[in-house]
Amino acid sequence: MSDDPFHEAVEALRALGLYVEPTGDDLSLWLVDGEEMSDAGSMKLAALLGLVPSSATIQ
């Protein structure tokens, strides 16, 4: 795993079987099963699914 929590969230979502790819040159935006979301959005989704530890700062 990476020290980057956003990368860990993306890898956890991929391990669940979701299609997760960067939207282009902006590596802070992701395409998750057809939905565009930010780094924070992908991290929140992974936390809500119980794939990564959640944080009180994720809103």
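Worth saying up front: this structure is predicted, and the values here are computed from it rather than measured.

Reading the values: rules and limits
- Residues numbered from 1 in each chain as written.
- Predicted model: local features only at pLDDT ≥ 70, side-chain atom pairs only at ≥ 80, totals over all residues.
- Heavy atoms only, no water.
- Buried < 20%, exposed > 50% of the residue type's maximum accessible area, 1.4 Å probe, protein only.
- Helix = DSSP H or I, 4+ residues; strand = E, 2+ residues; numbered from the N terminus.
- Arc of directions from axis to C-beta.
- Contact = heavy atoms within 4.5 Å.
- Pairing = 2+ DSSP bridges.
- Axes fitted to C-alpha atoms, helices over the stretch in contact; angles between N-to-C directions.

*Asks:* I would appreciate a short explanation of helix α2 (residues 39–48) in the present structure.
*Replies:* Listed in full, the buried residues belonging to α2 are Asp 39, Ser 42, Met 43, Ala 46 and Ala 47. Projection of α2 onto a plane perpendicular to its axis shows the buried side chains occupying an angular sector of 135 degrees, all on one side. For α2, the elements touching its buried residues are α1 (5–15), β2 (29–32) and β3 (35–38). Phi for Gly 50, located one or two positions after α2, is positive at around 75 degrees.

*Asks:* Whenever I open this one, the sheet that holds β3 confuses me. Can you help?
*Replies:* By way of backbone hydrogen bonds, the strands of a sheet pair with one another, either parallel or antiparallel. Pairing is antiparallel in the open sheet, where three strands are placed in the order β1-β2-β3. The strands lining the two open edges of the sheet, one partner per strand, are β1 (20–22) and β3. Direction aside, neighbouring strands of the sheet carry axes that sit 35 degrees apart on average. Across four bridges, the pairing between β2 and β3 is antiparallel. Bridging across to β3, Val 32 finds its partner in Glu 35. On top of the sheet, α1 reaches β1 and β2; it is set at about 140 degrees to β1, its chief contact. On the sheet, α2 packs against β2 and β3 and is oriented at approximately 100 degrees with respect to β3.

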